[in-house]
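Structural characterization, general
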Amino acid sequence: MQVNIILLAAGKGQRFQSSSPNQIGCSTIKQLAQINDKPLIIHSIDKLKPLLKNANVHNFFVTLGANKNAIQSVLPQDISVIASQYWSEGMGHTLAESVHSIKAQSSHVLIALADQALITTEHYQELLSTSKEQPNKIIATLCEGQLMAPAIFPEKYFPLLVKIQGDKGAGKLLLQHAKKADAVTCEDAKTDIDTFSDLERVREHLEYALQDNLQSSL
């Protein structure tokens, strides 16, 4: 089993830009918005990087498109970048490009989204453990009765993944193959950052969680 991680972070984040109180500069680039004193893209990477300690995880790729140079400049040196040529066509195109570029070196791909900022390392690890137990199945996240990313796809689904188009990502594929999938529940998967208000809610959630952890340790 050879799992490669793809963190999708290629979008322009137009709704975030238009809702930002600061209309100029890097603060309007969603992937660089600050969460816990670090850019969102680094926050998301930090949640996934512990998976590299698993013998079944081969490499970690971040797919970039809009604002590629600005975002890549903050990435750790050990992160491989996939440059999406068709990011403006939607997340489906970006996902298809990403899977196509690494399919030859993968038996499975873990697809994660940079703006799902509340997904924990523990959830990613549970997806990975479940996939190891059921390597021929799609292992998706279940939230409010819906299958969604993050999700792990075995290589037999790569031919379908590389044909995805538009802005819907892998959601339609998960729906079509729901009977062939297993799922790990995560209620926080419904939270993604589309607007500046979403960012503020995520910041508050993480701050409350930090305070709870501190009080629990006393």
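Refer to the structure above for everything that follows.
All values derive from a computational prediction rather than experimental measurement.

Okay, the nonpolar core next. By size, the foremost hydrophobic cluster in this structure holds 32 residues, and its most contacted members are Leu7, Ile41, Ile45, Val62 and Leu110. What Ile41 contacts, discounting residues up to four positions off in sequence, is Leu7, Ala9, Gln31, Leu32, Val62, Ile71, Val74, Leu75 and Ala114. Formed by 24 residues, the second largest nonpolar core is a distinct cluster that contains Ile6, Ile82, Leu95 and Ile164.

Attention shifts here to the packing of aromatic side chains. Within the structure shown, the criterion is met by one aromatic pair. Between Phe16 and Phe196, the aromatic rings sit 6.2 Å apart at their centres with planes inclined by 45 degrees, giving tilted as the arrangement. Taken as a pair, Phe16 in helix α1 (residues 14-19) and Phe196 in helix α8 (residues 196-217) lie far apart in primary sequence, 180 residues in all. Under the relative-accessibility criterion, Phe16 is labelled buried at 0%.

A few words on the pairing of strand β1 (residues 3-9). The buried count for β1 comes to seven of seven residues, which makes it a mostly enclosed element. Here β1 shows a buried face lined by Val3, Ile5, Leu7 and Ala9 and a second buried face lined by Asn4, Ile6 and Leu8. Where β1 meets strand β6 (residues 108-113), six bridges bridge the pair, whose relative direction is parallel. By the bridge assignment for β6, Leu8 is matched with Leu113.

Spatially, seven strands are ordered β5-β4-β1-β6-β8-β7-β9 in an open sheet, and the strand pairing comes out mixed. Since the sheet does not close on itself, it has two edges, and those belong to β5 (80-83) and β9 (181-185), each with one partner. For this sheet, the mean angle separating the axes of adjacent strands, direction not counted, is 30 degrees. Along the sheet face, helix α4 (residues 91-102) touches β1, β4 (57-64), β5 and β6 and points at about 150 degrees away from the line of β1.

Attention shifts here to the side chain of His108. Tracing the backbone through its elements, the reader meets His108 in strand β6. On the basis of relative accessible area, His108 is assigned to the buried category, the value being 6%. Setting aside chain neighbours within four positions, we find His108 in contact with Met1, Gln2, Val3, Asn4, Ser131, Pro135, Ile152, Phe153, Pro154 and Phe158.

Where side chains of opposite charge bring their charged atoms close, a pairing between them can arise. One pass over the structure, following the stated rule, counts six salt bridges. The partner of Glu144 in a salt bridge is Lys190, with the nearest N and O atoms 3.1 Å apart. With Glu144 in the loop between β7 (138-143) and β8 (146-154) and Lys190 in the loop between β9 and α8, the pair connects residues that are 46 residues apart, well separated along the chain. Overall, the relative accessible area of 58% leaves Glu144 in the exposed class. Taking relative accessible area as the criterion, Lys190 reaches 48% and is therefore assigned partly exposed. Between Asp198 and Arg201 there is a salt bridge, with the nearest N and O atoms lying 2.4 Å from each other. One end of the pair is Asp198 and the other is Arg201, both in helix α8 and three residues apart, which spans about a single turn. By relative accessible area, Asp198 is classed as buried at 14%.

Further remarks concern helix α5 (residues 121-133). Since the α-helix advances by 3.6 residues per turn, residues separated by three or four positions end up pointing in the same direction. The end-to-end C-alpha distance of α5 is 19 Å, a good match for the 18 Å that 13 residues give at a rise of 1.5 Å each. Regarding α5, the residues found buried are Thr121, His123, Tyr124, Leu127, Leu128, Thr130 and Ser131.

What counts as what
Residues numbered from 1 in each chain as written. Predicted model: local features only at pLDDT ≥ 70, side-chain atom pairs only at ≥ 80, totals over all residues. Heavy atoms only, no water. Core = buried A, V, L, I, M, F, W, Y, C linked by side-chain atoms within 4.5 Å. Buried < 20%, exposed > 50% of the residue type's maximum accessible area, 1.4 Å probe, protein only. Contact = heavy atoms within 4.5 Å. Phe/Tyr/Trp six-rings, centres within 6.5 Å; stacked < 30°, edge-to-face > 60°. Helix = DSSP H or I, 4+ residues; strand = E, 2+ residues; numbered from the N terminus. Pairing = 2+ DSSP bridges. Axes fitted to C-alpha atoms, helices over the stretch in contact; angles between N-to-C directions. Salt bridge = Lys/Arg side-chain N within 4 Å of Asp/Glu carboxyl O. Expected span 1.5 Å × (residues − 1).

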